[in-house]
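Structural overview for review
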Amino acid sequence: MEIQYVGERLWLGNLGYLFVTLSFGAALLSALSYGLSIRPAWAHWRGMGRGAFYVHTVGVTGVVSVLGYLIANHFYEYHYVWSHSSNELPFEYMLACFWEGQEGSFLLWCLWQALLGLVLMRVARQHESGVMLVLALAQVMLAAMLLGLDLWGDDAKELGMNPFRLLRHEMEAPIFSQANYLSMISDGSGLNPLLQNYWNVIHPPVLFLGFALTIVPFAFLIDGLLTKQVGASALAALPWTGVGVGILGLGILMGGAWAYEALSFGGFWAWDPVENAVLVPWMVMVAGLHTLIIYKNTGKALPFTILLLALSFILILYSTFLTRSGVLGDASVHSFTDLGLSGQLMLFLGLFICLFLAVFGINYRHIPVVKSSDQLSSRELWMFVGSLLLLVAAFQVIFSTSIPVMNKVVNALYALFNIDKTFAKAPPVDPIAHYNQFQIPFAILIALLTGAAQYFKYRKTGKDIWKTVLRSVLISMPITAAMVWAAHIDKALHIALMATSVYALVGNIEILAPLAKMGKIRFAGAGIGHIGLALILLGSLISNGKKQVMSRNDAGIDFGEGFTGDEKVQNVLLPKGKPVKMAGYFVTYHTDSFVAPNHYYKVEYKKVDEATGQIDKRFYLYPKVQINDNMGLVSDPSIRRTLGWDLYTHVTSVPTGEEKSKWEEAEHFTVKIGDKIDYKDYTVEVLGIDLAPGPPTGIDLETDSLYLTALRLRVVKGDKELEMAPYFIIQGSQLQRPAAVSDLLGLTAFFVNIQTETKDFVIALSAKTDQSPDYIIMKAMMFPMINLLWLGSVLLFVGSILAAYRRFSELKRRSN
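It should be emphasised that the depicted structure is a prediction, and the values quoted were computed from it without experimental measurement. (Residues numbered from 1 in each chain as written. Predicted model: local features only at pLDDT ≥ 70, side-chain atom pairs only at ≥ 80, totals over all residues. Heavy atoms only, no water.)

1. Quick notes on the overall build of the protein chain
Cut-off, in case you're wondering: Put simply, DSSP H or I for four residues or longer makes a helix, DSSP E for two residues or longer makes a strand, and each gets a number counted from the N terminus. As a reference, a globule follows 2.2 Å times the number of residues to the power 0.38, and the radius of gyration itself is taken over C-alpha atoms. When checking whether two residues touch, look at their non-hydrogen atoms; a contact exists if any pair is within 4.5 Å. Only the protein chains shown count as cover for residues, with accessible areas throughout obtained via the Shrake-Rupley method and a probe of 1.4 Å. In this tally, Lys and Arg are treated as positive and Asp and Glu as negative; His is ignored, and so are the chain termini. In plain terms, the charge of a residue is placed at NZ if it is Lys, CZ if Arg, CG if Asp and CD if Glu.
The helix and strand tally for the protein chain stands at 20 helices and 21 strands. For the protein chain, whose C-alpha radius of gyration is 31 Å, the value lies close to the compact-globule estimate of 28 Å for 816 residues. Each principal axis of the C-alpha distribution contributes one length, and for the protein chain these read about 105 × 90 × 60 Å. Restricting the contact set of the protein chain to residue pairs at least 6 apart, pairs at least 24 apart contribute 69%. Of the roughly 37,400 Å² that the protein chain leaves accessible, carbon and sulfur atoms contribute 60%. Separation of charge centres in the protein chain, based on 62 positive and 63 negative side chains, amounts to 17 Å.

2. Quick look at the pattern of salt bridges
Under the convention used in this document: In what follows, salt bridge is the name for a side-chain nitrogen of Lys or Arg lying within 4 Å of a carboxyl oxygen of Asp or Glu. Using a 1.4 Å probe on the protein chains alone, a residue whose accessible area is under 20% of its type maximum counts as buried, one over 50% counts as exposed, and one in between counts as partly exposed.
Under the definition given, this model contains 20 salt bridges. Notably, a salt bridge pairs Lys 576 with Asp 774, separated by 3.9 Å at the nearest N-O pair. In this pair, Lys 576 sits in the loop between strand 2 (572–575) and strand 3 (580–582) while Asp 774 sits in the loop between strand 20 (760–767) and strand 21 (775–784), placing the two residues 198 residues apart along the sequence. Given the relative accessible area of 37%, Lys 576 is considered partly exposed. Between Glu 721 and Arg 714 there is a salt bridge, with the nearest N and O atoms lying 3.2 Å from each other.

3. Here we look at the packing of aromatic side chains
This is how it is decided: Planes of paired rings set the category: under 30 degrees apart is stacked, over 60 is edge-to-face and the rest tilted, where pairs are Phe, Tyr or Trp rings (Trp by its six-membered ring) whose centres lie within 6.5 Å. Working rule: Lys NZ or Arg CZ, within 6 Å of ring centre, within 35 degrees of ring normal, means a charge sits over the ring.
Evaluated as defined, the whole model comprises 35 aromatic pairs. Here the aromatic rings of Tyr 260 and Phe 783 are separated by 5.2 Å at their centres, their planes lie at 80°, and the arrangement is edge-to-face. Placement of Tyr 260 in helix 9 (residues 230–261) and of Phe 783 in strand 21 is noted, with a sequence separation of 523 residues between them. Its relative accessible area of 0% is what places Tyr 260 among the buried residues. Seen from their ring centres, Tyr 260 and Trp 790 are 5.6 Å apart, and the 55° between their planes marks the pair as tilted. Of this pair, Tyr 260 sits in helix 9 while Trp 790 sits in helix 20 (residues 786–815), placing them 530 residues apart in sequence. Through pairs of rings, three or more aromatic residues link up here, namely Trp 109, Phe 208, Phe 211, Phe 218, Phe 313, Phe 348, Phe 352, Phe 356, Phe 360 and Tyr 364. Positioned above the aromatic ring of Trp 42 is the side chain of Arg 39, whose terminal nitrogen or guanidinium carbon lies 4.7 Å from the ring centre.

4. Re the side chain of Ser 402
Basically, it comes down to this: Polar contact criterion, stated in full: a pair of N or O atoms within 3.5 Å, where within protein one must be able to donate a hydrogen and the other to accept it, and residues adjacent in sequence count only if both atoms are side-chain atoms.
Counting through the fold element by element, Ser 402 comes out in the loop between helix 13 (379–401) and helix 14 (403–416). Among the polar contacts listed, one links the side chain of Ser 402 to the side chain of Tyr 318, at a separation of 2.7 Å.

5. Quick look at the sheet that holds strand 11 (residues 667–671)
As a reminder of what qualifies: If DSSP finds at least two bridges between two strands, the strands pair. In this description, a line fitted to the C-alpha atoms serves as the axis of each element, helices being fitted only across the stretch in contact, and the angle between N-to-C directions of two axes falls anywhere from 0 to 180 degrees.
Across the sheet, 4 strands lie side by side as 11-20-19-18; this open sheet has antiparallel pairing. Edge strands, defined here as strands with exactly one partner in the open sheet, are strand 11 and strand 18 (740–742). Here the average twist between neighbouring strands, direction ignored, is 25°. For strand 18 and strand 19 (residues 747–755), the ladder comprises 3 bridges, and the chain directions are antiparallel. Looking at the pairing, Ser 742 lines up with Leu 747 of strand 19.

6. Here's the deal with a nonpolar patch on the surface
Operational definition: Exposure above 30% relative accessible area and the absence of a salt bridge qualify a residue for a patch, where like charges join within 9 Å and nonpolar side chains (Val, Leu, Ile, Met, Phe, Trp, Tyr) within 5 Å.
Where nonpolar side chains cluster on the molecular surface, the patch consists of Leu 29, Leu 36, Trp 42, Trp 45 and Met 48 and spans about 420 Å² of accessible area. Listed by contribution, the elements that provide at least two residues to the nonpolar patch are helix 1 (10–37) and helix 2 (45–72).

7. A few points about the nonpolar core
Keep this limit in mind: Think of a nonpolar core as a cluster: buried Ala, Val, Leu, Ile, Met, Phe, Trp, Tyr and Cys residues, connected wherever their side-chain atoms sit within 4.5 Å.
Ranked by size, the top nonpolar core spans 161 residues in total, and within it Trp 109, Phe 218, Phe 220, Trp 282, Ile 306 and Phe 352 carry the most contacts. Here this core gets 17 residues from one element, more than from any other, and that element is helix 8 (residues 198–227). Apart from residues lying up to four places away in sequence, Phe 352 is in contact with Val 134, Leu 137, Ala 138, Met 141, Phe 218, Phe 313, Ile 314 and Leu 317. By size, the runner-up hydrophobic cluster in this structure holds 25 residues, among which are Leu 497, Met 498, Leu 512 and Leu 538.

8. Observations concerning the domain arrangement of the protein chain
As a reminder, the rule being used: The domain boundaries here were taken from an automatic or database domain assignment. What counts as buried area is the accessible surface, traced by a 1.4 Å probe, that two parts surrender upon association, with contributions from both included.
Partitioning the protein chain into structural domains gives domain 1 (1–195), domain 2 (197–373), domain 3 (449–546 + 785–816), domain 4 (572–659 + 774–784) and domain 5 (662–767). Here the C-alpha centre of domain 4 lies 41 Å away from the C-alpha centre of domain 2. Contacts between domain 2 and domain 4 engage 8 residues on the former and 10 residues on the latter. Regarding the contact of domain 2 and domain 4, the summed buried area is about 700 Å², with carbon and sulfur atoms giving 46% of it. Across the contact surface, domain 2 and domain 4 share 0 salt bridges.

9. Remarks on the pairing of strand 7 (residues 624–628)
Within a regular beta strand, the side chains point alternately toward one face of the sheet and then the other, so they alternate between its two faces. Alignment of strand 5 (residues 598–608) against strand 7, held across 2 bridges, turns out to be antiparallel. Its bridge partner lying in strand 7, Tyr 600 is registered against Lys 624. Note: strand 7 against strand 8 (residues 632–636), 5 bridges, orientation antiparallel. Across the sheet, Lys 624 pairs through a bridge with Asp 636, a residue of strand 8.

10. Overview of the environment of Ala 496
Mapped onto the fold, Ala 496 is located in helix 17 (residues 492–518). Since its relative accessible area comes to 27%, Ala 496 is described here as partly exposed. Once the C-alpha coordinates of Ala 496 and Lys 371 are considered, the two residues, 125 residues apart in sequence, prove to be 36 Å apart.

11. Description of unusual backbone geometry
Trans peptide bonds make up most of the peptide bonds, and negative phi angles are found at most residues other than glycine. Of note in this structure, Ala 301 is not a glycine but carries a positive phi near 70°. Tracing the sequence through the fold places Ala 301 in the loop between helix 10 (273–298) and helix 11 (302–324). The backbone phi angle of Ala 583 is positive, close to 50°, even though this residue is not glycine.

12. Focus on the pairing of strand 12 (residues 676–679)
A one-sided burial pattern is seen for strand 12, the buried positions being Ile 677 and Tyr 679 and the unburied ones Lys 676 and Asp 678. Sheet topology note: the strand 12/strand 13 (residues 682–690) ladder contains 4 bridges and is antiparallel. When the sheet's bridge partners are listed, Ile 677 is paired in strand 13 with Val 684. The hairpin formed by strand 12 and strand 13 contains 2 residues between the paired strands, and Lys 680 there has a positive phi angle of roughly 50°.

13. Regarding helix 9
Which entries qualify depends on this criterion: Working rule for helices: expected span equals 1.5 Å times residues minus one. Two axes define the bend at a residue: one fitted to the seven residues ending there, one fitted to the seven starting there, and the bend is the angle between them.
Along its 32 residues, helix 9 runs 45 Å from first to last C-alpha, staying within 8% of the 46 Å computed at 1.5 Å per residue. At Leu 238, helix 9 is deflected by roughly 35°, the largest bend along its length, and proline Pro 239 occurs up to four residues later in sequence.

14. With respect to helix 10
Between its first and last C-alpha, helix 10 extends 38 Å over 26 residues, near the 38 Å set by a 1.5 Å rise per residue. With 23 of 26 residues buried, helix 10 lies mostly within the body of the structure. Just beyond helix 10, the residue with positive phi is Gly 299, at close to 80°.

15. Considering the packing of helix 18 (residues 525–545) against helix 20
For the record, the criterion: The labels follow the angle: roughly parallel below 35 degrees, roughly antiparallel above 145, roughly perpendicular from 65 to 115, and oblique for the rest. For any pair of crossing helices, the crossing counts as left-handed if the nearer helix is rotated counterclockwise from the farther one by less than a right angle, and right-handed if it is rotated clockwise. Throughout this entry, Asp, Glu, Lys and Arg are counted as charged residues, while Ala, Val, Leu, Ile, Met, Phe, Trp, Tyr, Cys and Pro are counted as nonpolar. The remaining residues, Gly among them, count as polar.
Running from amino to carboxyl end, helix 18 crosses helix 20 at an angle of 160°, the nearest separation of the two axes being 7 Å. Viewed along their axes, helix 18 and helix 20 adopt a mutual orientation that is roughly antiparallel. Handedness of the crossing formed by helix 18 with helix 20: left-handed. Among the residues forming the contact of helix 18 with helix 20, the class breakdown is 15 nonpolar, 9 polar and no charged.

Set out below in structure tokens:
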């Protein structure tokens, strides 16, 4: 007998799915109609295409509205709502629930493209049919991601993922045998703690708007190829390309700010595969924007421009495949797991690759080509060189990022041809070092061109240009020298990057100064954007290259298996109410508070004037953590911001339940060989120093620069006696102090320091206790001049949009 479930609001899910099917069908009809209307004799089909796209937009808006209503009202009979939301989430995070899952993020992308389609139907004019054909095809593929049709009789191979699936259809649990199961579900699974941040409210919408904008230049160029009017379509695509560069770049930089503030990377860019997959299309689009400007001013480089702008959109589709097919599951913490959409994602990618190759190949001969040699002193030559550099740099990033894909493809080919081999190329072990060794030289050359190319004119520049270039170089040199000295930059590549970035900054300021005097700000977009790029490079170099770890585990406390060797050195234990000296500050953990679902920890930083004893500086930070059943401790840092530096503090461990520390705060003693110490119920005798001990377990000592010693201690407690040997190790530039721990006697001993002048030793002892003190383990880092990077990010966006506005204005004047 079929169960009649109580309380389910099925009509809402049915309405939402009706909108899904409506959006898919209408997008398909719109694509067909616009495709037919490209032929002048069938232009009347354009009206059908418009009407169908309007209906499609209504369908997409309906899906968004219904899903948003379900989330806002906590209708947990729906799997998507239960999986991504919960009762306690504030309004802004309820918005973030919408796009946390794959279905919601595809829907957000689809919504942006639908809205762009409404704009393009009004402004594309003679290009409307071709442009809207491409856009409607993309909408067909995105809407298909939400269909959830079982076409093959196998639930694991559905076409798309329906966001209105019922929870009882997706999970097996005894409660679903009860008609009133909804009364037993009081809350949802909740939003991932890492995503409960204000950046998750604004970053994904901006990023997906950037995704959507990459299709617009591609669509204009496809229209131009189909209608044999490539030049006019390219000029129409120019302002849209500028907007795409600005918005997509802003989305990427927001992701960097999110990583810096919330994701505990200890920086803003970690060369994570998901970050890389989005960065590469932007780099290629920037290259395409510059070659498109070359075409506008000289008529050159149009075939290369078409390839670059097509590649930027195709790379967006490829990045979607990388991040949502599960192929990066072992390489990135940000990628989605495979929900069965990998086949559709490959089809999406393949459709547009084939579309472009077919249209480009058939119509290549209609692309205007200007055959002339470029002068060494021409602006277009150096802009073209810069675009090539960006393309090669992007290729290096995407090649290394695609190693998991290469492994799967090669192994699939081996299996196809019955070759008994396995291809397993490993991704970079140290991604930051791997990518930086290639990207820093590219950045040096691009910064150099960013500063110099602005001085040149199109086609040919007079000889006096070299005096102007030399003046900028001479101004840049003392500024560079001062910054290198102040920031203690000592690596040759870093000095070169500093020099070229300063040169780019000075050169573009020189270009902007006359424009500002004449009030021609609308011509300043490129210069402002280039200044932003120079500041981003400078901020990245100084803040990330010279960041300082302030927290040092001088007591040598072993925090356990959950910490790596570096993390044990770079984290410090703060007992509640007891100040610990840290890089010139006295840092005290005062108290904690709980505002669901976050635990807040009040940490005081205090700097005291040594001469007067007066407090010179004091401030408080409030890092927070969530204790999540699935993810454990999830930390959200607190940051002290100043003009010159940021102090970044996050909690890495707290005592919770059975995990609370069972050791008292260590007490320090200065001793000589032969001394005896009375500590609580223990008598500790210093027997001697072992200059050649065996290596401690769990520590890699393979280095040429090694100092290894152990202090021999005899410990007596009651009728129990044993020897302990804490270590003191200098390995390269790293100091480690592995403790000696005796569970039998309940004692931990640390070899803290060697005082070479007095030949004394500093040891620390910590006893087991049933009532452990409250504490936090935290890490503190200082990022100098990080605000240069954020200022540069704002200027890069403002410059891109200002330049795009100027291009739109020029296009409107030409059209009139």
